[in-house]
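Now for the letters of each chain:
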Amino acid sequence: MIDSSDEEIVPIKKQMPQIIINIYDTNYAVVSHVGQQLLKWKIISDPESFDWDVYWTDSGVQPEMLSRMKSHQKINHFPGMFILARKNNLGKQLTKMKRGYSKEYNFFPQTWVIPSEAADFKEYCKSKPNKVFIVKPEASCQGRGIFLIKGNQQLENDRYVVQKYLERPFLIDGLKFDFRIYVLVAGCDPLRLFIYTEGLARLSTEKFEEPQPSNFDNLCMHLTNYAINKNSEKFVFNEDETKMNIGHKRSMSSVFELLKSKGHDIDTLWMKIKQIVIKTLCAAQPVLRHQYTTCQPHNFLNNMCFEILGFDVIIDQDLRPYLLEVNHSPSFTTDSPLDFYIKSNLIQDTLVLMNINPSERQRIIQERSQEMKKRIMTGKNLRLSQEEKNQIIQQLQVGRNVYEDQNLGGYERIFPPDDDYEVEYYQKFLNYAQELFQDSTGTRKPQFVQKLQLSPQKQVKNKNQEIQQIYQRASAFLQKSFSKTVSQFGKEKEKEKDKDKERKQQQQVVREDQEQRFLKAEIAYKHQIQQQIMNEQKKIESLIRNRKITQDEPDQKLSLSFQGQRPIRPKMNCESVNMKYRKMKYDK
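It should be emphasised that the depicted structure is a prediction, and the values quoted were computed from it without experimental measurement.

Draft legend 1. Quick peek at empty space enclosed by the protein. Under the defined criterion, the tally for this structure stands at four cavities of 30 Å³ or more. Taken as a whole, the largest cavity encloses approximately 250 Å³ of empty space. Of all elements in the fold, only strand 6 (132-137), strand 8 (160-164), strand 10 (175-188), strand 14 (307-315) and strand 15 (321-327) reach the threshold of two or more residues within the lining of the largest cavity. The space that makes up the second largest cavity amounts to roughly 90 Å³. Every residue along the wall of the second largest cavity is listed here: Lys87, Leu90, Gly91, Leu94, Phe108, Thr111, Lys136, Val161, Gln163, Leu323, Leu324 and Glu325. Here the lining of the second largest cavity takes four residues from helix 5 (residues 87-100), the largest share from any one element. Tallied by class, residues from the lining of the second largest cavity come to six nonpolar, three polar and three charged.

What follows is the structure, encoded as structure tokens:
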């Protein structure tokens, strides 16, 4: 029996604590607006406080900061992103990847890092003295310190990044432009990437002309940086977020529509841009993973760091995209309604996609508390094998996929891809980047040493796994490659059988013809031998009649008569016929 008094008891739901975001280290008001006005979070600005759920900073994150964080806390940068954020590191890393995959990593201008590659740059300039190059300080931003030179000009031995100038850029109304594309790195182990479907197109303010020493100083012609062009008298600001195709800073979607109206293939351009993003992050993934797992080795959910990157991409007259640089702290200034509209939506979609909410926070805290209780009860840490860790990570990533697919907002997931073929395609870049990272840190072991360390049971297990992976890849390849129906395949088989039958019939006819020719030649040969014997007998008889030889000598004379040239016997060149020749005996 259930007591009626129990039915009247209404459980009191505890109100979950409000999400707290610390904005002490950011100068962008739009971050505070999104957190407080749109997401209804609590805003604090305290450098000493560690009581927060999200920490938003405009600068990089040190490993010590990540090591101190709790499992439910998140920060908007990855330690180690300097591998892409600094122009010299980006050039070095992509150049290394290009040595291994020259065709796949040809999406950035040829780059030299000065002074370490000054000799190579001078040697290149000797062969092409009239080429134009753009010179950038290795650690600057917003177009500061950039200038142009020709190959025959002397370059000071300072710390620069030199790139070949794109001489045939695509123009809008005679103006050079580039795209600012926003990419979210939502995890590094494994890599999780999202690209925002809206971005910015930044136009220069001076009509483009072929670069000459006389116009090298006109940066508003050659550079598209907003920080440089906004100071020009010709710069037109956007004043209405509903009119995104007006001004020298426009929405990326409006420029795509313009290109599409001129008959250009926008889908192919967007696909190439996504490939550039994935390949670039594949080059940096080993560094990011090492830094992250060193600071948080037990965060299998892979979600304590996230980062919005700004990819600057320019296109040439053939609509081929080129990567110029990667910004790990893209500007979130909102000087125009267009800026505010795009950037506020971008930040809000990012924080929602990272699943930052009170219920998720409470769930993570409870799981962490249960793990601590188990350690206290058992008196020892629970050690998991690598295989068990991988299984947990895969299960957690599946859960993330479900949530993210329902909360993408303006984002599109680009990695990991859904197609197994694409996964295998990008895996080779991740493996090669891992080899480069191990070579640079001295942690790469010879392959034979690793094999010696494996037990026989593990060797058999690894071999079985390799065979299974090969079988799976082969099955996926066959399913993807062979799109013909079963009936068409059967018809092709029948055609092949008919061809084989015709071929065998033709071979049979040829063999029969050869056999007939051989038999005819054999008969002619026998007839020729008989005729010669008859002629010899006639000669002997005539000699006997003339009494030139005695009756005892005919065999001897007959053998002597055959010492001359005898008839040539035909040779059989058909393998199917096996003839045995009988020896000829001659009687008297």
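Draft legend 2. Summary view of the confidence of the model for the protein. The pLDDT averaged across the protein works out to 84; a share of 83% of its residues lies at or above 70. Contacts of residues 447-455 to residues separated by more than four positions or lying in other chains number four contacts, the stretch itself having pLDDT below 50. Scored below 50 in pLDDT, residues 573-588 makes 23 contacts in the model with residues more than four places away or belonging to other chains.

Draft legend 3. Fine view of the pairing of strand 14. For strand 14, a buried count of nine out of nine residues is recorded, marking the element as mostly surrounded by other parts of the structure. In strand 14, alternate side chains face the same way, and those of Glu307, Leu309, Phe311, Val313 and Ile315 on one face and Ile308, Gly310, Asp312 and Ile314 on the other are all buried. Note: strand 10 against strand 14, seven bridges, orientation antiparallel. Opposite leucine 184, over in strand 14, you have isoleucine 308 as the bridge partner. In the sheet, strand 14 pairs with strand 15 via six bridges, with the strands oriented antiparallel. Counterpart to isoleucine 314 in the pairing with strand 15 is tyrosine 322. Turn length for the strand 14-strand 15 hairpin, with the two strands adjacent in sequence and antiparallel, is five residues, and the turn residue leucine 319 shows positive phi of about 65°.

Draft legend 4. View of the nonpolar core. One finds Phe179, Ile181, Leu259, Leu281 and Phe311 to be the most contacted residues of the largest nonpolar core, which totals 71 residues. Considering each element in turn, this core owes the most residues, 15 residues, to helix 10 (residues 266-295). Non-local contacts of phenylalanine 311, meaning those with residues more than four positions away in its chain, are made with Phe179, Arg180, Ile181, Val183, Val277, Thr280, Leu281, Leu323, Glu325 and Val326. Val30, Val34, Trp56 and Met354 belong to the second-largest nonpolar core, a separate cluster that totals 30 residues.

Draft legend 5. Layout of unusual backbone geometry. Residue proline 190 is bonded to the preceding aspartate 189 through a cis peptide linkage, with omega at 5°. Note that proline 190 resides in the loop between strand 10 and strand 11 (191-196). The omega torsion of the bond from phenylalanine 415 to proline 416 falls at 5°, within 30 degrees of zero and hence cis. Looking at the element boundaries, proline 416 is found in the loop between strand 16 (411-415) and helix 14 (420-441).

Draft legend 6. View of the sheet that holds strand 5 (residues 111-114). Taken together, the four strands give an open sheet; going across it, the order is 5-8-6-7, and neighbouring strands pair in antiparallel fashion. Edge strands, defined here as strands with exactly one partner in the open sheet, are strand 5 and strand 7 (147-150). Strand-to-strand, the axes of this sheet are offset by a mean angle of 30°, without reference to chain direction. Helix 5 contacts strand 5, strand 6 and strand 8 of the sheet and is inclined by roughly 130° relative to strand 5. Strands in contact with helix 6 (residues 118-127) are strand 5, strand 6, strand 7 and strand 8; relative to strand 5, the strand with the most contacts, it is inclined by about 130°.

Draft legend 7. Molecular detail of the packing of aromatic side chains. Within this structure, the stated rule accounts for 29 aromatic pairs. Taking the centre distance of 5.5 Å and the plane angle of 90° together, the rings of tyrosine 101 and tyrosine 432 count as edge-to-face. A residue pair is termed long-range when its members are at least 10 positions apart, and tyrosine 101 in the loop between helix 5 and strand 5 and tyrosine 432 in helix 14 qualify at 331 residues. With a centroid separation of 6.3 Å and an interplanar angle of 70°, the aromatic rings of phenylalanine 194 and tyrosine 411 are classed as edge-to-face. With phenylalanine 194 in strand 11 and tyrosine 411 in strand 16, the pair connects residues that are 217 residues apart, well separated along the chain. In this structure, phenylalanine 194 and tyrosine 411 share a single accessibility class: buried. Taken together, the aromatic side chains of Tyr101, Tyr105, Phe107, Phe108, Phe415, Tyr425, Tyr426, Phe429 and Tyr432 make up a single cluster linked through ring pairs. When the ring centre of phenylalanine 108 is taken as reference, the NZ or CZ atom of lysine 98 above it lies at 5.5 Å.

Draft legend 8. Fine view of the layout of surface pockets. Estimated volume of the second largest pocket: approximately 990 Å³. The wall of the second largest pocket is formed by 47 residues, among which Cys141, Asn327, Ser329, Pro330 and Ser331 lie closest to the centre. Looking at the lining of the second largest pocket, the elements with two or more residues in it are strand 3 (54-57), helix 4 (82-85), strand 10, strand 12 (200-203), helix 8 (226-229), strand 14 and strand 15.

Draft legend 9. Region of the structure containing the pattern of salt bridges. In the structure shown here, the tally under the stated rule is 22 salt bridges. Residue aspartate 312 is joined to arginine 180 by a salt bridge in which the shortest nitrogen-to-oxygen separation is 2.6 Å. Here aspartate 312 is found in strand 14, whereas its partner arginine 180 is found in strand 10, with 132 residues between them in sequence. Judged on exposure class, the residue aspartate 312 and its partner arginine 180 are both buried. Of the charged contacts in the structure, one is a salt bridge between aspartate 312 and arginine 202, with a shortest N-O distance of 3.2 Å. Within this pair, whereas aspartate 312 is found in strand 14, its partner arginine 202 is found in strand 12, the two being separated by 110 residues in sequence. The exposure class of aspartate 312 is buried, given its relative accessible area of 3%. Within this structure, Arg192, Arg400, Glu404, Asp405 and Arg413 form a network of salt bridges that share partners.

Draft legend 10. Quick peek at the packing of helix 2 (residues 29-38) against helix 11 (residues 337-353). Taken N-terminus to C-terminus, the directions of helix 2 and helix 11 make an angle of 60°; their axes are 10 Å apart at the nearest point. One finds that helix 2 runs oblique with respect to helix 11. The crossing of helix 2 and helix 11 is right-handed. Residues Val30, Val31, His33, Val34 and Leu38 of helix 2 pack against Phe340, Lys343, Ser344, Ile347, Gln348 and Leu351 of helix 11.

Rules and cut-offs
- Residues numbered from 1 in each chain as written.
- Predicted model: local features only at pLDDT ≥ 70, side-chain atom pairs only at ≥ 80, totals over all residues.
- Heavy atoms only, no water.
- 1 Å grid on protein atoms, 1.4 Å probe; cavity = no way out; pocket = protein on both sides within 12 Å on 5 of 7 lines; lining within 4 Å.
- Points joined across faces, edges and corners; volume = space filled by probe spheres on them.
- Helix = DSSP H or I, 4+ residues; strand = E, 2+ residues; numbered from the N terminus.
- Nonpolar A, V, L, I, M, F, W, Y, C, P; charged D, E, K, R; others polar.
- pLDDT = per-residue confidence, 0-100.
- Contact = heavy atoms within 4.5 Å.
- Buried < 20%, exposed > 50% of the residue type's maximum accessible area, 1.4 Å probe, protein only.
- Pairing = 2+ DSSP bridges.
- Core = buried A, V, L, I, M, F, W, Y, C linked by side-chain atoms within 4.5 Å.
- Axes fitted to C-alpha atoms, helices over the stretch in contact; angles between N-to-C directions.
- Phe/Tyr/Trp six-rings, centres within 6.5 Å; stacked < 30°, edge-to-face > 60°.
- Lys NZ or Arg CZ within 6 Å of the ring centre and 35° of its normal.
- Salt bridge = Lys/Arg side-chain N within 4 Å of Asp/Glu carboxyl O.
- Parallel < 35°, antiparallel > 145°, perpendicular 65-115°, else oblique.
- Left-handed = near helix turned anticlockwise from the far one by under 90°.

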